[in-house]
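One-letter residues, chain by chain:
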Amino acid sequence: MTNTETRAATDSFDSAEHQARLHELYRDFEAAGMTPLWLTREGLMPFHPQPKAVPHLWRWADLLPLAARSAELVPVGRGGERRAISLGNPGLAGDPYTTPTLWAAIQYLAPREDAPEHRHTQSAFRFVLEGEGVWTVVDGDPVAMRRGDLLLTPGWAFHGHQNVSDAPMAWLDGLDIPLVAKTDQGFFEFGPDQVRNRATPDRSASERLWGHNPTSGEDALTTMRTEFHRLAAAAATRRSRTSASSVWQVFDGTGSVRLNDEEHPLERGDIVAVPAWTEFSLTAETQLDLFTFSDAPVFEKLNLLRTEIS
Ligand SMILES: [Fe+2]
């Protein structure tokens with residue numbers, strides 16, 4: 001095509017005839033299930049992650065009484081399986097997800113209650129902020145739950161809970177439910193209605209102090225990284241952002257978290273959702289201990305994980 005012909009073709013893009021033909025083409029694209037990239041590139045391939053999820057903070061002091069109310073009204077049993085109430089991100093309307101890949105919930109077991117055994121492809125852990133008296137039975141191995149404990153239930157391991165005490169107990173559940181749901185990888189199977197091993201040993205047969213898989217050096221769970229962080233009093237972290245999303249819970253102490261341009265005070269039990277590419281930093285007032293889990297192992301394996309520290 002000569003320069004003159006190119007100019008003529010460009011000029012004709014403004015003609016009424018061109019507009020009518022273009023309209024017809026787009027209508028026929030739609031009917032044929034075709035979408036032109038030139039109209040959708042920005043949304044499909046943004047310059048950096050633009051999560052719908054937003055940074056958000058939940059106060060344990062608000063969650064606990066609501067979970068307790070559900071124990072007065074809702075029994076634990078087969079079908080619903082658990083008295084777990086998930087923390088839905090306000091940016092993910094309609095989905096009960098904490099981030100696009102992670103599901104965090106408060107689970108509550110009343111005195112002498114059992115949560116029936118089941119297994120699923122979703123990986124899970126429990127992190128205990130406070131309380132005791134519950135044992136989680138993982139593939140027949142009873143594991144005591146006490147403040148500071150991290151219990152793993154990897155995908156397809158049978159698990160149930162029993163509260164042998166006269167006090168209720170609540171803890172943080174973390175699962176990769178959204179990741180498994182969006183990728184159509186969900187399988188689920190019922191186990192016994194009551195935990196298969198009612199022993200309550202002080203230590204489980206598989207108790208370990210490792211936070212990772214000692215045979216491979218990789219994360220203990222394949223889809224979630226679990227970490228414990230301690231900041232000295234008055235210490236602050238550098239600002240960072242990563243393409244992984246994460247959830248944090250304050251285990252002990254006070255301080256603050258900065259999420260993009262907003263700063264929030266932190267107290268024991270508070271839970272924070274940090275979507276991908278959120279500018280994030282922590283400042284400790286007292287010594288500050290935090291538990292966190294993220295979807296980093298997934299994106300590391302896919303060679304997608306990107307982190308910036310300023
Ligand atoms: Fe489960």
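Residues numbered from 1 in each chain as written. Predicted model: local features only at pLDDT ≥ 70, side-chain atom pairs only at ≥ 80, totals over all residues.

## Side note on the overall build of the protein
Worth spelling out the cut-off: Each helix is a run of DSSP H or I of at least 4 residues and each strand a run of E of at least 2, with the numbering of both proceeding from the N terminus. Between the two quantities, the radius of gyration covers C-alpha atoms and the globule rule is 2.2 Å times the number of residues to the power 0.38. Three exposure classes are used, based on other C-beta atoms lying within 10 Å of a residue's own C-beta, which is placed from the backbone: buried for 20 or more, exposed for 12 or fewer, and partly exposed in between. A pair of residues counts as a contact when their C-beta atoms, built from backbone coordinates, are within 7 Å of each other.
Tallying secondary structure elements over the protein gives six helices and 20 strands in all. By the compact-globule yardstick of 19 Å for 310 residues, the protein is too spread out, its C-alpha radius of gyration being 24 Å. Buried positions account for 33% of the 310 residues belonging to the protein. Long-range pairs, those at least 24 residues apart, make up 77% of the contacts in the protein between residues at least 6 apart in sequence.

## Some details on the sheet that holds strand E5 (residues 124-127)
Applied cut-off: Whether two strands pair comes down to DSSP finding at least two bridges between them. Only the contacting stretch of a helix is used when fitting its axis, a line to C-alpha atoms as for every element, and angles between N-to-C directions run 0 to 180 degrees.
If you walk across this open sheet you meet the five strands as E2-E3-E10-E5-E8, and the pairing is antiparallel. Every other strand in the sheet has two partners, leaving strand E2 (84-86) and strand E8 (150-153) as the edge strands with one partner each. Recorded for the sheet is a direction-independent mean angle of 25 degrees between the axes of neighbouring strands.

## What about the nonpolar core?
What counts is decided by this rule: As used here, a nonpolar core is made of buried Ala, Val, Leu, Ile, Met, Phe, Trp, Tyr and Cys residues. They are joined through C-beta atoms within 7 Å. Boundaries between domains were set according to an automatic or database domain assignment.
Among the nonpolar cores identified, the biggest contains 56 residues, and Trp 103, Ala 104, Met 145, Trp 171, Val 247 and Val 272 are the most heavily contacted of them. Residues lining this core come from more than one domain, with at least three contributed by each of domain 2 (60-190) and domain 3 (225-309). Residues within four places of Val 247 in sequence aside, it is in contact with Thr 98, Thr 99, Leu 102, Ala 104, Gly 174, Ile 271, Val 272, Ala 273, Thr 292 and Phe 293.

## Some words on the domain arrangement of the protein
The cut-off we apply is this: In this classification, Asp, Glu, Lys and Arg are treated as charged, Ala, Val, Leu, Ile, Met, Phe, Trp, Tyr, Cys and Pro as nonpolar, and every other residue, Gly included, as polar.
On domain assignment, one finds that the protein holds domain 1 (3-44), domain 2 (60-190) and domain 3 (225-309). A separation of 22 Å is found between the C-alpha centroids of domain 2 and domain 3. Listed as interface residues are 17 residues of domain 2 and, on the opposing side, 14 residues of domain 3. If you list the elements that add at least two residues to the side of domain 2 that touches domain 3, you get helix H4 (60-73), E5 and strand E10 (169-175). Of the residues in the side of domain 2 that touches domain 3, the class split is 12 nonpolar, five polar and no charged.

## Thoughts on the pairing of strand E14 (residues 246-252)
Two faces make up the sheet, and in a regular strand the side chains alternate between them. Counting buried residues along E14, six of its seven residues qualify, which places the element largely inside the surrounding structure. Inspection of the sheet shows E14 paired to strand E17 (residues 271-274) by four bridges, in the antiparallel sense. Note that in E17 the partner of Ser 246 across the bridge is Val 274. Sheet analysis places E14 next to strand E19 (residues 288-294), joined by six bridges and oriented antiparallel. Bridging from a neighbouring strand, Gln 249 pairs with Phe 291 of E19.

## A closer look at the environment of Asp 62
Note that Asp 62 resides in helix H4. Residue classification places Asp 62 among the exposed positions, given that 10 C-beta atoms sit within 10 Å.

## Comments concerning the pairing of E5
Side chains Ala 124 and Arg 126 project from E5 onto one buried face, and the interleaved Phe 125 and Phe 127 project onto a second face that is buried too. As paired elements, E5 and E8 share four bridges and run antiparallel to each other. The partner of Arg 126 across the bridge, within E8, is Leu 151. Across four bridges, E5 lies against E10 in antiparallel orientation. What sits directly across from Phe 127, in E10, is Leu 172.

## Some thoughts on the sheet that holds E17
What links the strands of a sheet is backbone hydrogen bonding, and the strands pair in either a parallel or an antiparallel sense. Here we have five strands laid out as an open sheet, ordered E1-E17-E14-E19-E12, and antiparallel in their pairing. Looking at which strands have only one partner, the edges of the open sheet turn out to be strand E1 (56-58) and strand E12 (225-231). Sheet twist, expressed as the average angle between the axes of neighbouring strands with direction ignored, equals 20 degrees.

## Here's the deal with the environment of Gln 185
Inspection of the secondary structure puts Gln 185 in the loop between helix H5 (177-182) and strand E11 (188-190). Note on Gln 185: 13 C-beta atoms within 10 Å, which makes it partly exposed. Between the C-alpha atoms of Gln 185 and Gln 122, which are 63 residues apart in sequence, the distance is 8.4 Å.

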